Amino acid sequence: MPSSTPATPITPAAPATAGGGVGRAAVALTFWVTMAGTTVPTPLYPLYQHALGFTPLTVTVIFAVYAAGVVTGLLTLGRLSDEIGRRPVLALGLLLAAGAAGLFEAADSLPWLLAARVLSGLAAALMTGAATAALLDLAPPARRVRAQTLALAANMGGLAGGTLLAGVLAEWAGSPLRLPWTVMLVLTGVALVALLAVPETVARPTGFHPRLQPLRVPAPVRPAFLRAAVAGGSGFAVLGVLTAVSGLFLATVLGLHNHALAGLVVCLAFAATAVGQLLARALPPARALPAACAGLVLAAALVATALITSSLAPLLLGACLNGLATGTAVATGLGTVNGGVPPERRGEAVSAFFAILYTMLSVPVVGVGLLIRATDLRTAGVVFSAVVAALALAVAAGLARRTPAAQPGGQPGATPAAAPTAAPEATSNPARKA
């Protein structure tokens, strides 16, 4: 789901080389391929459900273990590319992504799918940090903002492109549970070869030192941090539910058995999340989070309308608006951290931010699965939409009560733009190291 990355101290990097343009293109390809692999299963879940005979609750659990893999990677391997170099971590991320694709292609039971999702989550956690850092390392100082935008495009473009690619292949090509993964394995191989063009930018690797990343937030920015985290997490929760059950909704509620359409719904949501992060740069800091909250409430209302009326148009509009609001909230939260937290503590603060986001990505999805089992998909979706709207309204109420003195100094535009949500599979960059 969607990701944006912790700013942690790094070993001094080598200056960008004359071949930096080729290197940046290779890193962007690597980033895109890895993130695309995390959303390929989205339109395929109904097919796995039919082939393996599991329930909607099981689908939500399969999705949730991805987020567990991302969080585990963030907490244990978040500084790995600082310690052993960018290229080894980029290669490791690709190998994990290839392993996940291989497991998916061979899957004939639930344990295979669960193992594949965990590997996919670990790959996303490693790749988002190392790739974002490498792109920034390779960019001349005057083009660092452009490098951040490239990282955002590769990250969110991969999340959006993977689900659309899989949906198109599943709908109009043969072997829908095999061909998408074969294509991803080929793309992963191409990306591994492309890594040969990427120069190493960590001048003095220190070696791997395993340790847990602490999750602490300085007291002065904690209220603003929590408001942004709850708002962004609410949007992540919607992205997670769309990713897990949009195909099921289209098939059972709308009677639309079109895998490409299921992929398009989630593709639009992730693409809009990228636009939302860019939009936050243009909004005044005091207006960004209120606008995000309003967008989340309206998106929840549109999703509920789609469920109640069995209509496609409100679902598409709701997915886009939720993405815009989520991207804006995430960028605002990272702006709060960058503007109000000392540099030596930003890494732990941003890790805490994404731990909250990915928890809200995964736990509500399983809750929706349980509610579907107890009631039905329509009822579960409406209840979930109401909860999301209530959380966004609570954040908006907190913003209305705060005093000017309590406002943080962060600027949304200061955020490192690069995606998640780890996938939704999603989202913003969970682990920037530059």
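An account of the accompanying structure is given in this report. Quick caveat, the model's predicted, so the values are computed rather than measured.

## Description of a nonpolar patch on the surface
For step 1, the next point in the chain: On the surface, Leu 164, Val 168, Trp 172 and Leu 264 cluster together into a nonpolar patch covering about 360 Å² of accessible area.
For step 2, the next point in the chain: With 3 residues, helix H7 (residues 144–172) is the single largest residue contributor to the nonpolar patch.
For step 3, the next point in the chain: In this structure, Trp 172 sits in helix H7.

## A few points about the side chain of Thr 128
For step 1, the next point in the chain: On the secondary structure map, Thr 128 appears in helix H6 (residues 110–138).
For step 2, the next point in the chain: When its relative accessible area of 0% is taken as the criterion, Thr 128 is described as buried.

## A short note on the packing of helix H9 (residues 222–252) against helix H14 (residues 377–401)
How two helices sit against one another is set out by the angle between their axes and by the gap between those axes.
For step 1, the next point in the chain: Here H9 crosses H14 at 165°, and the two axes come no closer than 10 Å. Judged by the inter-axis angle, H9 sits roughly antiparallel to H14. For H9 against H14, the interelement crossing comes out left-handed. Across from Arg 227, Val 230, Ala 231, Ser 234, Ala 237, Val 238, Val 241, Leu 248, Phe 249 and Thr 252 in H9, the residues of H14 making contact are Leu 377, Phe 384, Val 388, Leu 391, Val 395, Gly 398 and Leu 399.
For step 2, the next point in the chain: When the residues that make up the contact of H9 with H14 are grouped by side-chain class, the tally is 13 nonpolar, 3 polar and 1 charged.

## Looking at unusual backbone geometry
For step 1, the next point in the chain: In this structure, Ser 175 is a non-glycine residue whose phi angle is positive, near 50°.
For step 2, the next point in the chain: As for its position among the elements, Ser 175 is in the loop between H7 and helix H8 (179–194).
For step 3, the next point in the chain: At Ser 310, a residue that is not glycine, the phi angle is positive and equals roughly 55°.
For step 4, the next point in the chain: Along the chain, Ser 310 falls in the loop between helix H11 (285–309) and helix H12 (312–340).

## Notes on the pattern of salt bridges
For step 1, the next point in the chain: Within this structure, the stated rule accounts for 2 salt bridges.
For step 2, the next point in the chain: Between Asp 82 and Arg 86 there is a salt bridge, and its shortest N-O distance comes to 2.8 Å. Of the two residues examined, Asp 82 and Arg 86, each falls in the buried class.
For step 3, the next point in the chain: A salt bridge links Arg 86 to Asp 137; the shortest N-O distance between them is 2.8 Å. Here the residue Arg 86 occupies a position in helix H5 (residues 86–106), and Asp 137 occupies one in helix H6, the gap between them amounting to 51 residues.
For step 4, the next point in the chain: The class of Arg 86 is buried, set by a relative accessible area of 1%.
For step 5, the next point in the chain: Accessibility expressed as a relative area gives 9% for Asp 137, which makes it buried.
For step 6, the next point in the chain: One connected set of salt bridges, linked through shared partners, spans Asp 82, Arg 86 and Asp 137.

## Quick word on H5
For step 1, the next point in the chain: Taking 1.5 Å of rise per residue, the 21 residues of H5 would be expected to cover 30 Å, and the 30 Å separating its terminal C-alpha atoms lies within 8% of that figure.
For step 2, the next point in the chain: Residues of H5 that are buried include every one of Arg 86, Val 89, Leu 90, Gly 93, Leu 94, Leu 96, Ala 97, Ala 98, Ala 100, Ala 101, Phe 104 and Glu 105, and no others.
For step 3, the next point in the chain: Turning to H5, the residues buried within the fold contact helix H1 (20–39), helix H2 (45–52), helix H4 (80–84), H6 and H8.

## A short note on the environment of Val 89
For step 1, the next point in the chain: Secondary-structure assignment places Val 89 in helix H5.
For step 2, the next point in the chain: By relative accessible area, Val 89 is classed as buried at 1%.
For step 3, the next point in the chain: Placed 38 residues apart in sequence, Val 89 and Met 127 show a C-alpha to C-alpha distance of 7.3 Å.
For step 4, the next point in the chain: What Val 89 contacts, discounting residues up to four positions off in sequence, is Leu 80, Ser 81, Ile 84, Leu 126 and Ala 130.

## Describing the environment of Ile 84
For step 1, the next point in the chain: Mapping Ile 84 onto the fold places it in helix H4.
For step 2, the next point in the chain: Its relative accessible area of 31% is what places Ile 84 among the partly exposed residues.
For step 3, the next point in the chain: In this structure the C-alpha to C-alpha distance between Ile 84 and Val 202, which are 118 residues apart in sequence, comes to 8.0 Å.
For step 4, the next point in the chain: Once residues within four sequence positions are removed from consideration, Ile 84 is found in contact with Val 89, Pro 205, Gly 207 and Phe 208.

## Observations regarding H9
For step 1, the next point in the chain: If you check H9, its first and last C-alpha atoms are 43 Å apart, about what 31 residues at 1.5 Å a residue would give, namely 45 Å.
For step 2, the next point in the chain: The largest bend in H9 comes to about 60°, at Val 245.

## A short note on the packing of aromatic side chains
For step 1, the next point in the chain: Inspection of every chain in the model, using the stated rule, returns 6 aromatic pairs.
For step 2, the next point in the chain: Judged by centre distance (6.5 Å) and plane angle (35°), the ring pair of Phe 63 and Tyr 66 falls under tilted. You can see Phe 63 and its partner Tyr 66 sitting in helix H3 (residues 56–77), 3 residues apart, about one turn around the helix.
For step 3, the next point in the chain: On the accessibility criterion, Phe 63 (0% relative accessible area) is buried.
For step 4, the next point in the chain: Where Phe 104 meets Trp 181, the ring centres are 4.3 Å apart and the plane angle is 0°; that geometry is what we call stacked. Of this pair, Phe 104 sits in helix H5 while Trp 181 sits in helix H8, and the two are 77 residues apart along the sequence. A single burial state applies to Phe 104 and to Trp 181, both of which are buried.
For step 5, the next point in the chain: Each member of the aromatic cluster is reached from another via a ring pair, and the members are Tyr 48, Phe 104 and Trp 181.

Rules used in this analysis
Residues numbered from 1 in each chain as written. Predicted model: local features only at pLDDT ≥ 70, side-chain atom pairs only at ≥ 80, totals over all residues. Heavy atoms only, no water. Patch = residues over 30% accessible without salt bridge, like charges linked within 9 Å, V, L, I, M, F, W, Y side chains within 5 Å. Areas by Shrake-Rupley, 256 points an atom, 1.4 Å probe, with all protein chains shown as cover. Salt bridge = Lys/Arg side-chain N within 4 Å of Asp/Glu carboxyl O. Helix = DSSP H or I, 4+ residues; strand = E, 2+ residues; numbered from the N terminus. Buried < 20%, exposed > 50% of the residue type's maximum accessible area, 1.4 Å probe, protein only. Axes fitted to C-alpha atoms, helices over the stretch in contact; angles between N-to-C directions. Parallel < 35°, antiparallel > 145°, perpendicular 65-115°, else oblique. Left-handed = near helix turned anticlockwise from the far one by under 90°. Contact = heavy atoms within 4.5 Å. Nonpolar A, V, L, I, M, F, W, Y, C, P; charged D, E, K, R; others polar. Expected span 1.5 Å × (residues − 1). Bend = angle between axes of the 7 residues up to and from the residue. Phe/Tyr/Trp six-rings, centres within 6.5 Å; stacked < 30°, edge-to-face > 60°.

Bear in mind that shape data such as this cannot, by itself, settle questions of function.
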